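Coordinate analysis (summary)
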Amino acid sequence: MSFGVFWFAWIFVGVGFLPFYALHQSSVINLFSVLWGIALVTRLRQWHIMGAVRFLSLGLAAFTVWQAYDGFRSVEAAGGLFALLAVLKLWESYSTRDAFLFFLIFQLMMIAQYLLLESLWLLGFIILSTFLMFSIFMELQGQQRLSSLFKNLGKRRVLAQILFVSLILSTALFFIFPRSTFTFFIRSSKQQMHPWTGFSAELRPGQITSIMQDDSTTFRARFASETPILSSMYWQGATLIDSDGFNWQRDVRISFKGNSERRGKERFLYEADMAEPGEGALFLLQPTAQFKLLSHGVVRWRGLNDVMVTPMSNRPLRWRASVLTELESSLSIEEQESLQRAKELPADVKVWIQENYAEFASLSALELRDRIEELFVRNFAYSLEPGAYSGTPLNQLKTFLLERKVGVCEHFASSAAMIFRAFGHASLVAVGFHGGEYNELGDYWSIRGRDAHAWVLYYDENLGWQRFDPTNLVAPERLSLGGTRYRQLWRERQGIDFEWSDLTQNSWFSGVMKAVDTAYYQLNLAFINYDAEKQRQILANLGLENWRRAILRGISIVFALIVVLVFWLWQRESSKGSWSVVNRIYQAYLKSLQLKGFNVTNSTAPLALQQQLHEQSYASVCSKFIEAYIKIKYDTHKKFPDRDDEKLLRRLGREVRRALRTKS
Amino acid sequence: MVNLKSVGLSPSFLFRKRLRRLLPQRWHARLERLERSSRVYIVPTLMGMYFAFIALVLFLIAISYGHNLAYYATFLFFSFVSLSAIIANNNITKVEVSWPRIQFRGRVGEDISVPLILINRSQFSRYDIKLEVNGVSVAHVDELKPLTTQEVVLNLKDLNLKRGHFKLKRLTLATRFPFALFYAWNWSKIPIEVFIHPAPKPSRLKTVVHDNNQSGGELIAKNIGSEEFFVIREHRAGEGLFRIDHRLSLRLDRPQVREYRDQTVRSFLVDLRGGESERSLAEAVDWLDQCSNDSECGFILPDGRHTRIFIGRNNQQNLYDELARFGQNTQELE
């Protein structure tokens, strides 16, 4: 293996493994890094690693994987083992065969990684790595320096042809080949899924503030026809019921009737796609009418619209849902118990609130809501950087309500919910997102970290569960303008000059970013989220809904054969005989004479033709052509024409045609 | 014979060998007739089979897990593999071989270079073409430009040819281009003969040549002849004066010397009988190397057969060939 190939291999294995560190155990990552570094050092220093050392390292690698994954029977273990084998292969990469074997192991490693994660970036990586790998294979034939590949135009052209046709063929087969409506294996590995958003099972002050710093897209949603107004676009995630006075936590045992999907009048049908694979709460517009998870996963309904999903594949989750227009307020006996839990509060907090806000006592939920509104409107301020609150939960609450009076949505929601509870009304804190950024190019909404939001759900005896968003009172622009624009406005007010996100608001840059985001989203929908249902939809759009899987399978095979056949014919055409160009030019010449009215056929001898043209005024040009043709074609010393001959004939052919045109 | 153990054999050679092993004897002649030099044969290489296996595994994974990336990677691999087969197949077409000479000679263990001319009659370049004899790559052409000829030198050293007379029955043109996943080949009939002479070994025969009286029983030599006039040339400073032709010097106005050369025609008939025959042959080569070009010589070969008596340098070549052929049938290389 030349040094150039080694470099490629070394970079390949690093880029193919290390970016997916989150999928592997730290011990495997560490060992990989060490072995990877040793491979580089030994190569640079030209050190030879003894067979015994390599054997011991192999044993160590196998043992580490066994320990990390509790055996070899999981996709993660396979991925880790292949990664370590690949890097160990780099230690003894001397011959061309070693290079081939390395890339084989590398591909096995990548296959394991594909199973652990499905993302559009990985698709790009597959195409790029396959292309580079085959480029290296091509170069290994000549056993020359790797650099010569990039110098040889002909080889590059062959490679480009293969890549071009392969991309067309594989993309077409990808869409045509019938998809199963089931899978034999769903995620049975021990892979740890990560929450998407930074929202965890609890809400601590400052959590949403940090999520709001994140500009990356969390999920995208596309409405079928009707779109709700921005201010009412509450993407509700988890509902938090347990509180210590200022912090909130989820309780998986709590459930409400209103938590499950309900049939009724529905509006705002939408489909949403998480940007990344992960697990946690889904974000639904409330109240949800119908909900369907479009990817594989287990759905658990826990609170009011609190839908927890554990994915069964490593694909970003997709779901379809709509919004119910009529609310139900009746509670079952079991729910009464849950409702009781939604009124619990630490005694000291309760006493303190009751003492400080004694005027709120014996008010109905609706009246209390009005009073809380008045409280927050009067003296409180909304800030995207409210600073940290410290001390016991009660102290934090006191500091917020009496001293600093500055907070972000989570502070207001948390305080309001506790005031409700202190006076005997059930309440919860709901976390999720509000609004989003509309992408008019792709006609969808991007919901980003900066749209993170928290609000209150309180129980009214007459109306049932109601949403109350104190932020609406303190900073109404936050809801009417959306997270992105409000952030700009707030920064202008604060006198903060420049932030990276300003660039994205620039008109042309924003347009470019939207176009890129649209392309990314559409490609994701097309490639990563392509499944049997989408295939059925496409067939239905084409009026072929009755086509069965067997027909599709047959079409896939026939299509592949046709493409391969066409490529073969194309290549055959390109390897036609050495005289074909000369013959073709001569045939074109004869044809132009025929059009001019000469009695010539394909079998007319060139000399006879010359005789025939002798009398014509343009005979000299034609004679030149024929003389050149005879000289090239019937020169006994010439086995085949060279490029100059072809150029000469082409030039003379052009002159003949020009002369004939002038004459006419 | 050709030592095949030390080198990796090409798939074309192994394919033919295995096919013959599989088929009954009576089919071998028919198989020979079926083979056409214009036909391109193609088989997957070991790497090709590995890749096909990986693609199959990926496909099973794709179906089993409903995994889109695995589907795409499967189809991408399938495309690359199938298209590379077509490229490999075409890469060997329209390439022809011509040969400027038909006889080549060399000695055991030495480089034996056989120059050939490759002709690319296609409109496109051909890449990474290997020329193989007996399953061993003897030349590699990185690129053969379209509509051009290129001289290629086959180095037969890697064949480890032993002493003998070899006929190149066929020359295999093979390629693994573009990705080494397939191996395509065709072959050309070229009437090339190769004589592998024994490597010389110093022997007692060497000294015997100069002393006919002590030649012993193993060397029979006749010494007939005398010095004869050869050429007239100008006298050089420092030369003796006794050879100056005064008459001619006066005529040409410069001192001229008459030069004589030993025109003795020594006829040697070297008896190579007795002792180990290969050694005798090797010693005979050494003796022949030392022998005067003008000598008349021949051998009594180890089996008692007399060679013809050859005179002159060119004809001496025939004696080397006799030594190469001794006890060997003409072997075919393919």
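Just so you know, these numbers come straight off a predicted model, no measurement behind them. (Residues numbered from 1 in each chain as written. Chains lettered and ligands numbered in written order. Predicted model: local features only at pLDDT ≥ 70, side-chain atom pairs only at ≥ 80, totals over all residues. Heavy atoms only, no water.)

1. Examining the overall build of chain A
Secondary structure assignment for chain A yields 25 helices and 19 strands. A burial count over chain A gives 53% of its 664 residues as buried. A fraction of 73% describes how many contacts in chain A between residues 6 or more apart in sequence connect residues 24 or more apart. (Helix = DSSP H or I, 4+ residues; strand = E, 2+ residues; numbered from the N terminus. Buried < 20%, exposed > 50% of the residue type's maximum accessible area, 1.4 Å probe, protein only. Contact = heavy atoms within 4.5 Å.)

2. Structural notes on the interface of chain B and chain A
The interface is formed by 56 residues belonging to chain B together with 70 residues belonging to chain A. With both chains or domains summed, chain B and chain A bury close to 5,800 Å², and 71% of this area falls on carbon and sulfur atoms. Summed over the shared surface of chain B and chain A, the result is two salt bridges. Between K155 of chain A and D142 of chain B there is a salt bridge whose closest N-O contact spans 3.4 Å. Across the chain B-chain A interface, the total number found is seven residue pairs in polar contact (both at pLDDT 80 or more). Of all the secondary-structure elements, those providing two or more residues to the side of chain B that touches chain A are helix 3 (46-65), helix 4 (68-90), strand 4 (113-120), strand 5 (126-133), strand 6 (136-144) and strand 7 (148-155) of chain B. For the side of chain B that touches chain A, the leading source of residues is helix 4 of chain B, giving 17 residues. Classifying every residue of the side of chain B that touches chain A by side-chain character gives 32 nonpolar, 16 polar and eight charged. (Buried area = accessible area lost by both parts, 1.4 Å probe. Salt bridge = Lys/Arg side-chain N within 4 Å of Asp/Glu carboxyl O. Polar contact = N/O pair within 3.5 Å; in protein donor to acceptor, adjacent residues only side chain to side chain. Nonpolar A, V, L, I, M, F, W, Y, C, P; charged D, E, K, R; others polar.)

3. Let's talk about the sheet that holds strand 9 (residues 288-293) of chain A
The pairing of strands in a sheet comes from backbone hydrogen bonds and takes either a parallel or an antiparallel form. Residues and elements named next belong to chain A. If you walk across this open sheet you meet the six strands as 9-12-6-2-17-16, and the pairing is antiparallel. Here the strands that pair on one side only, and so sit at the sheet edges, are strand 9 and strand 16 (437-439). Neighbour-to-neighbour, the strand axes of the sheet open up by a mean angle of 25°, direction not taken into account. Note: strand 2 (residues 217-223) against strand 6 (residues 266-274), five bridges, orientation antiparallel. (Pairing = 2+ DSSP bridges. Axes fitted to C-alpha atoms, helices over the stretch in contact; angles between N-to-C directions.)

4. Some points on the pairing of strand 9 (residues 171-175) of chain B
Residues and elements named next belong to chain B. With five of its five residues buried, strand 9 lies for the most part within the structure. Of the two faces of strand 9, both are covered, the one formed by L171, L173 and T175 as well as the one formed by T172 and A174. In this sheet, strand 9 lies alongside strand 5 in antiparallel orientation, the contact comprising four bridges. Pairing of I129 across the sheet is with T175, part of strand 9. Bridge analysis of strand 9 against strand 10 (residues 182-188) gives five bridges, and the strand direction is antiparallel. The residue bridging T172 from the neighbouring strand is W187, located in strand 10. Linking strand 9 back to strand 10 in an antiparallel pair, the connection comprises six residues, with A180 at a positive phi of about 65°.

5. As for the pattern of salt bridges
The final tally for this structure, using the stated rule, is 26 salt bridges over all chains. Here E271 of chain A ties to R318 of chain A by a salt bridge, and the two come within 2.9 Å at their closest N and O atoms. Here E271 of chain A is found in strand 6, whereas its partner R318 of chain A is found in strand 12 (residues 318-324), with 47 residues between them in sequence. Classification of E271 of chain A as partly exposed rests on a relative accessible area of 24%. Overall, R318 of chain A belongs to the buried group, its relative accessible area being 5%. Residues R279 of chain B and E283 of chain B are paired through a salt bridge, measuring 3.1 Å at the closest nitrogen-oxygen approach. Here E283 of chain B and R279 of chain B lie together in helix 7 (residues 277-290), a separation of four residues that amounts to about one turn. Residue classification places E283 of chain B among the buried residues on the basis of a relative accessible area of 8%. Members of the salt-bridge network, linked through shared partners, are E271, D273, K292, R318, R320 and E533 of chain A.

6. Comments concerning the sheet that holds strand 3 (residues 234-240) of chain A
Residues and elements named next belong to chain A. An order of 8-3-15-18-19 is seen for the five strands of this open sheet, with the pairing classed as antiparallel. Of all the strands in the sheet, just strand 8 (284-285) and strand 19 (464-468) have a single pairing partner and so form its edges. As judged from the two bridges shared by strand 3 and strand 8, these two strands associate in the antiparallel manner. Each residue of the ladder has a partner; that of W235, found in strand 8, is L285. Helix 12 (residues 365-379) rests against strand 18 (452-460) and strand 19 of the sheet, and its axis sits at about 145° to strand 18. Helix 14 (residues 409-422) contacts strand 15 (427-434), strand 18 and strand 19 of the sheet and is inclined by roughly 15° relative to strand 18.

7. What to know about a positive patch on the surface
Residue and element names in this part refer to chain A. Taken together, R584, R650, R654, R657, R658 and R661 make up a surface patch of like positive charges. Counting residues per element, the positive patch draws most heavily on helix 25 (residues 643-663), which supplies five residues. In this fold, R650 is placed in helix 25. On the basis of relative accessible area, R650 is assigned to the partly exposed category, the value being 37%. (Patch = residues over 30% accessible without salt bridge, like charges linked within 9 Å, V, L, I, M, F, W, Y side chains within 5 Å. Areas by Shrake-Rupley, 256 points an atom, 1.4 Å probe, with all protein chains shown as cover. Lys, Arg positive; Asp, Glu negative; His and termini not counted. Charge placed at Lys NZ, Arg CZ, Asp CG, Glu CD.)

8. Things to note about the environment of V87 of chain A
Residue and element names in this part refer to chain A. Turning to its location among the elements, V87 is positioned in helix 4 (residues 75-91). For the pair formed by V87 and V34, sequence separation is 53 residues and the distance between their alpha carbons is 9.8 Å. In contact with V87, not counting residues within four places along its chain, are V13, F32, L35, W36 and A39.

9. Some remarks on the environment of D306 of chain A
Residues and elements named next belong to chain A. Position of D306 among the secondary structure elements: in strand 11 (residues 306-311). On a C-alpha basis, the gap between D306 and G237 in space is 5.8 Å, while along the polypeptide they are 69 residues apart. Leaving out residues up to four positions away in the same chain, D306 has contacts with Q236, G237, A238, T239, R250, R300 and W301.

10. Focus: the packing of aromatic side chains
Overall, the coordinates contain 65 aromatic pairs over all chains when judged by the stated rule. Seen in terms of ring centroids, F219 of chain A and W319 of chain A are 5.8 Å apart; in terms of plane orientation they differ by 45°. Their pairing is tilted. Highlighted residues: F219 of chain A in strand 2 and W319 of chain A in strand 12, separated in sequence by 100 residues. Each member of the pair, F219 of chain A as well as W319 of chain A, carries the same accessibility label: buried. Note that R170 of chain B overlies the ring of W187 of chain B, its terminal NZ or CZ placed 3.8 Å from the centroid. (Phe/Tyr/Trp six-rings, centres within 6.5 Å; stacked < 30°, edge-to-face > 60°. Lys NZ or Arg CZ within 6 Å of the ring centre and 35° of its normal.)

11. Quick word on the pairing of strand 10 of chain B
Residue and element names in this part refer to chain B. With seven of seven residues buried, strand 10 is to be regarded as a mostly interior element. What you see with strand 10 is no split at all: F182, A184, N186 and S188 on one side and Y183, W185 and W187 on the other are buried throughout. Across four bridges, the pairing between strand 1 (residues 41-44) and strand 10 is antiparallel. Counterpart to P44 in the pairing with strand 10 is F182.

12. A short note on the confidence of the model for chain B
Residues and elements named next belong to chain B. With 84% of its residues at a pLDDT of 70 or more, chain B shows a mean pLDDT of 78. Least confident of the elements in chain B is strand 12 (residues 219-224), whose mean pLDDT is 41; most confident is helix 4, at 91. Residue range residues 1-7 is modelled with pLDDT below 50. Its contacts to residues more than four positions away, or to other chains, number 16 contacts. Counting interchain partners and residues more than four positions distant, the pLDDT-below-50 stretch residues 206-226 has 34 contacts. The complex model carries a pTM of 0.73, and its ipTM stands at 0.73. (pLDDT = per-residue confidence, 0-100.)

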